[in-house]
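Read off the chains here:
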Amino acid sequence: MSLTPKFLHDWSLLPDEAIRLQVELSKKVVTMPLSETISTIGGVDVGYQEGKARAAIALLTYPAMYLINYAVSETPCSFPYIPGLLSFREAPAVLTALEKLTELPDVLLVDGQGIAHPRRLGIASHLGVLLDIPTIGCAKSPLIGHYEALGNNAGDTAPLIYNDEILGMAVRSKTGCKPVIVSIGHRCDLTSAVQLVLNCCRGYRLPEPTRLAHTIASAKFPKKSLFGIG
DNA sequence: GCGACAG
DNA sequence: ATCTTGTCGC
C-alpha cells in the first residue's frame, strides 16, 4: 500500500538540522489511551548486513500473537549511528517496508525509544507522528534516564526518571531477565503501552512482535516459508 | 573537561 | 548493530 504521511520531510539532513526537526516534530506527539479494539500489531526492527540496513515489519494478530505476514526492505546505510538520531538511520528503511504491507497494523511496537529521548522523539515517536498511527517504544536499554531496582518477576515495573520527569517504564518482561524500556511513541499513554507490551510477551524477554521482527531482520535469507507464511 | 550514549 | 564459543544459571 502507499503510505500517506501526515508530515513529510527530507531524511538526508546534517545532524544539527535533524535535531531541530526533532524538536518541531516532538510537539506533535499525542498522549491518549490506546484503543481497546486492537486486532493487529506490527513489530519493527532493523538489522545490518554488509553496509546495508534491512528493516523488518512482523504483522501479528492481537492478542493471540499469531504471525500473519511480514515485509522487509533493504537500503544502503546513508546516515551514521549517532545516539539520539537513530531514526535518521533506520526510519527510511522502515517506511519502505511498511509500504509493502497490504494494510497498516492497528499499532506499531518499535525496537527503540518513544519519548524517552533527549528531544522526546525517539524512532517510535518519529514514525508515529509521520504516519499518525499509534506507536510504542520498547528498547533493550535506556538512552536517557534511570530507574530504581524493580521486582524480579515478570510484570514488575519501575518508572524511568529523567530530571524528575517520568519518561517511560522499565518493565520486567521475563522473570530474572534485564527489563525492557517502554515509552509512549504516539497516540497512546504509558499505562496502556506497558499493558500491551506485557500482553505480547510469550516466555522471551522481547515481546513477540519485536522479537520476530528482529529474527527476520537478521536472518541471512529471509524466506517466508521459514516462518510458516506464504 | 569528563562520562554516557537506543541500534 | 555486528564480529563470535563456551559457559553460567534458572
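Just so it is clear, the structure is predicted and the values come from calculations on it, not from any experiment.

Undergrad: In this structure, what is going on with the protein's contact with DNA strand B? I would like to understand it.
TA: Neighbouring residues of DNA strand B: 17 residues in total, closest Tyr-81, Leu-86, Gly-112, Gly-122 and Lys-140. Classifying every residue of the surface near DNA strand B gives 8 nonpolar, 7 polar and 2 charged.

Undergrad: Just checking my understanding: could you explain the environment of Val-44 for this structure?
TA: Along the chain, the position of Val-44 falls in strand E1 (residues 40-49). According to the C-beta neighbour criterion, Val-44 is buried, with 30 such atoms within 10 Å. As a C-alpha pair, Val-44 and Ala-213 span 169 residues in sequence and 5.7 Å in three-dimensional space. Apart from residues no more than four positions distant in its own chain, Val-44 is found in contact with Ile-57, Val-94, Leu-108, Leu-109, Val-110, Asp-111 and Ala-213.

Undergrad: Would you take a moment to explain the protein's contact with DNA strand C for this structure?
TA: Lining the immediate surroundings of DNA strand C are Gly-47, Tyr-48, Lys-140, Gly-176 and Ser-218. Looking at side-chain class alone, the surface near DNA strand C contains 1 nonpolar, 3 polar and 1 charged residues.

Undergrad: Hey, could you run me through helix H5 (residues 208-218) in this one?
TA: Since the α-helix packs 3.6 residues into each turn, any two residues three or four apart lie on the same face. Among the 11 residues in H5, 9 count as buried, and that is most of the element. Every buried residue of H5 is accounted for by Glu-208, Pro-209, Thr-210, Arg-211, Leu-212, Ala-213, His-214, Ile-216 and Ala-217. The elements touched by buried residues of H5 are E1, strand E2 (52-61), strand E3 (67-76), strand E4 (107-110) and strand E5 (135-139).

Undergrad: What should I look at first to understand the nonpolar core in this one?
TA: Within soluble globular proteins, side chains that are nonpolar tend to cluster in buried spots. Counting 63 residues, the largest nonpolar core has Ala-55, Ala-56, Ile-57, Ile-136 and Val-182 as the members making the most contacts within it. Counting residues per element, this core draws most heavily on E2, which supplies 7 residues. Here Val-182 is in contact with Ile-136, Gly-137, Cys-138, Gly-168, Met-169, Val-171, Ala-193, Val-194 and Val-197, once residues within four sequence places are set aside.

Undergrad: For this particular structure, what's the right way to read the environment of Leu-130?
TA: Residue placement: Leu-130 occurs in helix H3 (residues 123-131). For Leu-130, a count of 21 C-beta atoms within 10 Å translates into the label buried. For Leu-130 and Pro-5, which are 125 residues apart along the polypeptide, the C-alpha to C-alpha distance reads 5.3 Å. The residues contacting Leu-130, other than those within four sequence positions of it, are Pro-5, Lys-6 and Phe-7.

How each quantity is defined
- Residue indices begin from 1 for each chain and proceed along its sequence in written order.
- By the order in which they are written, chains take letters starting at A while ligands take numbers starting at 1.
- Two thresholds apply to this predicted model, a pLDDT of at least 70 for residue-level local features and 80 or more for giving and counting side-chain atom pairs, whereas whole-chain, interface and lining totals are computed over all residues.
- Placing the C-beta atom from the backbone, one calls a residue near a molecule or strand if that atom lies within 6 Å of it.
- Charged means Asp, Glu, Lys or Arg here, nonpolar means Ala, Val, Leu, Ile, Met, Phe, Trp, Tyr, Cys or Pro, and polar covers whatever is left, Gly included.
- Secondary structure elements are defined from DSSP: runs of H or I of at least 4 residues count as helices, runs of E of at least 2 residues count as strands, and each element is numbered from the N terminus.
- In this scheme every C-beta is placed from the backbone, and a residue whose C-beta has 20 or more other C-beta atoms within 10 Å is buried, one with 12 or fewer is exposed, and one in between is partly exposed.
- A pair of residues counts as a contact when their C-beta atoms, built from backbone coordinates, are separated by no more than 7 Å.
- Working definition: the nonpolar core is a set of buried Ala, Val, Leu, Ile, Met, Phe, Trp, Tyr and Cys residues, joined through C-beta atoms within 7 Å.

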